[in-house]
Amino acid sequence: MSGPLSGIRILEAGHMLAGPYCGMLLADLGAEVIKIESPEGDIARRLSPHSVGPHNAYFASLNRNKRSVVLDLGSAEGQAALGRLAASSHGLLTNMRPAVIRKLGLTYDSLSVHNPRIACLALTGYGLDGPYADRPAYDYVIQALVGIMALTGDPGAPPVKCGYSAVDNSAGIMGALGLVAKILEGKGGQIDVSLFDTMLSQLNYVAGAWLNAGESPSRYESGGHPYIVPAQIFETADGHLALFITHDDFWRRFAREAGRPEWLSDARFGTMAGRTANRDLVIRAVGSLLRTRGTAEWVGRLAPLGIVVAGVERLEDALAGDLARSHDMVVSIPTGDGDLAVVGNPIRFPGEPTRYGPPPLLGEHTAALLAEGG
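This structure is a prediction, so every number in the text was calculated from the model and none was measured.

A word on the overall build of the chain
Right, on to step 1. Scanning the chain from N- to C-terminus turns up 19 helices and 13 strands.
Right, on to step 2. Taken along the three principal axes of its C-alpha coordinates, the chain extends 80 × 50 × 35 Å.
Right, on to step 3. Within the span of the chain, comprising 374 residues, buried residues form 44% of the whole.
Right, on to step 4. Across the chain, the centroid of the 32 positively charged side chains sits 3 Å from that of the 38 negatively charged ones.

So this is what it looks like as structure tokens:
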């Protein structure tokens, strides 16, 4: 592999999403990622009803550019092989419960006898230690516990889950950052990243308002911002529009283009403070205006003025659109059974194209890797 992490070897004892996503990010950047699987394999190999040949679409979206080795880590032979691989590796990552991580010898305390400079990342629900440590955790329950569901949706409606696996993906990114930092330090050691802590940290300014001023977070209709008005989703004549007017200069541009010069001199509309204090009035007026034209027309008129605006698109529209195409964000990976379509890596280095290889078959590289280890 080429890339800034070329020459770095990472062992991944991961399954489903958070761990494999972490490993794939590192592999895309050039690291050699060896996926350690049980004889049954990562459950994600069987999760999706969609496949290209032997490649399950869910698994393929999270495991490209890796090598697969099958080890029974519950056996003496599997532990010996793990030790040999660890001796030549810079890091290890896993996303299991703490008791399982310790039982299978996937901690720094266990692996440092083979390599004192190895960095060991544990991605867990609630941390390696603490009162919740060995509770099972998935994206859903973390969103519930940390307050995300209570923050999402319209006022008075039931709590709502974020529409994608925000927790698992965020933890994978945070884990990759922590693992690379520890490898760069060069001393080896344990890294402890929990899904709960990751998402709590991402509620930064919302949590800060409560911690410093006792302001309890509220839901605002149509995803409205707590401090900026107008900044939310609006209905148009033929769809929906996301409009985010961050300061008064953009408001003046918007009002003039919309044919509402009276909004500039009205104290309730003309300043950010006035609009925030009169949220309901402003939202009703802007909403009534935006419903008079279609989404594409509003975007065509407002975007050239520097106003932050976009139509609310479907995923399939985004994947097929000019923006994704211009950034090479939809990638085709050839396999012997057809091409796999995947979403590309968002980190780009101009002049250095990212290489995308297929996901490994279960145990595809076992013989070669174990022979290499002696």
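Moving on from the coordinates now.
So, the layout of surface pockets
Right, on to step 1. Roughly 690 Å³ of internal volume is contained in the largest pocket.
Right, on to step 2. Leu151, Thr152, Tyr205, Val206 and Gly224 are the residues nearest the centre of the largest pocket, which is lined by 28 residues in total.
Right, on to step 3. Secondary-structure elements contributing two or more residues to the lining of the largest pocket are α7 (148-151), α9 (195-202), α10 (204-213) and β9 (231-235).
Right, on to step 4. Residue classes in the lining of the largest pocket are distributed as 16 nonpolar, ten polar and two charged.

Quick word on the sheet that holds β9
Right, on to step 1. If you trace the three strands from one edge of the open sheet to the other, you get β9-β10-β11, paired in antiparallel fashion. Each edge of the sheet is formed by a strand with only one pairing partner; in this case those strands are β9 and β11 (308-311). Neighbour-to-neighbour, the strand axes of this sheet turn through a mean angle of 20°, independent of strand direction.
Right, on to step 2. Taken together, the five bridges between β9 and strand β10 (residues 240-244) define a ladder with antiparallel strand orientation. The residue of β10 that forms the bridge with Ile233 is Ala242.
Right, on to step 3. Where helix α15 (residues 279-290) meets the sheet, it contacts β9 and β10, and its direction lies at approximately 40° from that of β9.

Quick word on the state of the cysteines
Here a disulfide denotes one covalent bond, and it connects the sulfur atoms of two cysteines.
Right, on to step 1. Inspection of the entire model under this criterion finds zero disulfides.
Right, on to step 2. Distance from the sulfur of Cys22, which forms no disulfide, to the nearest cysteine sulfur (Cys120) is 13 Å.
Right, on to step 3. Overall, Cys22 belongs to the buried group, its relative accessible area being 0%.
Right, on to step 4. Cys120 sits in the buried class, given a relative accessible area of 0%.

What about the sheet that holds strand β6 (residues 91-94)?
Right, on to step 1. Sheet architecture is open: six strands sit in the order β5-β2-β1-β6-β7-β8, paired in parallel fashion. The sheet is open, and its two borders are formed by β5 (66-70) and β8 (189-194), each paired with just one other strand. Averaged over all neighbouring strand pairs, the angle between strand axes comes to 20°, with direction disregarded.
Right, on to step 2. Sheet topology note: the β6/strand β7 (residues 119-124) ladder contains four bridges and is parallel. When the sheet's bridge partners are listed, Thr94 is paired in β7 with Ala122.

Description of the nonpolar core
Right, on to step 1. In this structure, Ile10, Leu26, Leu121 and Leu179 are the most contacted members of the largest nonpolar core, which totals 28 residues.
Right, on to step 2. Looking at which element gives the most residues to this core, the answer is helix α8 (residues 166-185), with five residues.
Right, on to step 3. Counting 22 residues, the second largest nonpolar core, distinct from the first, contains Ala81, Ala86, Leu111 and Leu369.

Details of the pairing of strand β13 (residues 338-343)
Right, on to step 1. Direction of pairing for strand β12 (residues 330-335) relative to β13: antiparallel, over a ladder of six bridges. Each bridged residue has a counterpart across the sheet, and for Ile333 the counterpart in β13 is Leu340.
Right, on to step 2. Counted along the chain from β12 to the antiparallel partner β13, the turn is two residues long.

Digging into the packing of aromatic side chains
Right, on to step 1. The full count for this structure, using the stated rule, is seven aromatic pairs.
Right, on to step 2. Measuring from centroid to centroid gives 5.5 Å for Trp251 and Phe254, while their planes differ by 45°, and the two rings are tilted. With Trp251 and Phe254 both in helix α11 (residues 248-257), this residue pair falls three residues apart, about one helical turn.
Right, on to step 3. Overall, the relative accessible area of 0% leaves Phe254 in the buried class.
Right, on to step 4. Aromatic ring contacts, followed pair by pair, group Trp251, Phe254, Trp263 and Phe269 into a single cluster.
Right, on to step 5. The aromatic ring of Tyr132 is capped on one face by Arg135, whose charged end is 3.8 Å from the ring centroid.
Right, on to step 6. A cation over a ring is seen here: Arg260 above Trp263, with NZ or CZ 5.9 Å from the ring centre.

Conventions used here
Residues numbered from 1 in each chain as written. Predicted model: local features only at pLDDT ≥ 70, side-chain atom pairs only at ≥ 80, totals over all residues. Heavy atoms only, no water. Helix = DSSP H or I, 4+ residues; strand = E, 2+ residues; numbered from the N terminus. Buried < 20%, exposed > 50% of the residue type's maximum accessible area, 1.4 Å probe, protein only. Lys, Arg positive; Asp, Glu negative; His and termini not counted. Charge placed at Lys NZ, Arg CZ, Asp CG, Glu CD. 1 Å grid on protein atoms, 1.4 Å probe; cavity = no way out; pocket = protein on both sides within 12 Å on 5 of 7 lines; lining within 4 Å. Points joined across faces, edges and corners; volume = space filled by probe spheres on them. Nonpolar A, V, L, I, M, F, W, Y, C, P; charged D, E, K, R; others polar. Pairing = 2+ DSSP bridges. Axes fitted to C-alpha atoms, helices over the stretch in contact; angles between N-to-C directions. Contact = heavy atoms within 4.5 Å. Disulfide = S-S within 2.5 Å. Core = buried A, V, L, I, M, F, W, Y, C linked by side-chain atoms within 4.5 Å. Phe/Tyr/Trp six-rings, centres within 6.5 Å; stacked < 30°, edge-to-face > 60°. Lys NZ or Arg CZ within 6 Å of the ring centre and 35° of its normal.

Just distances and angles here, no functional claims.
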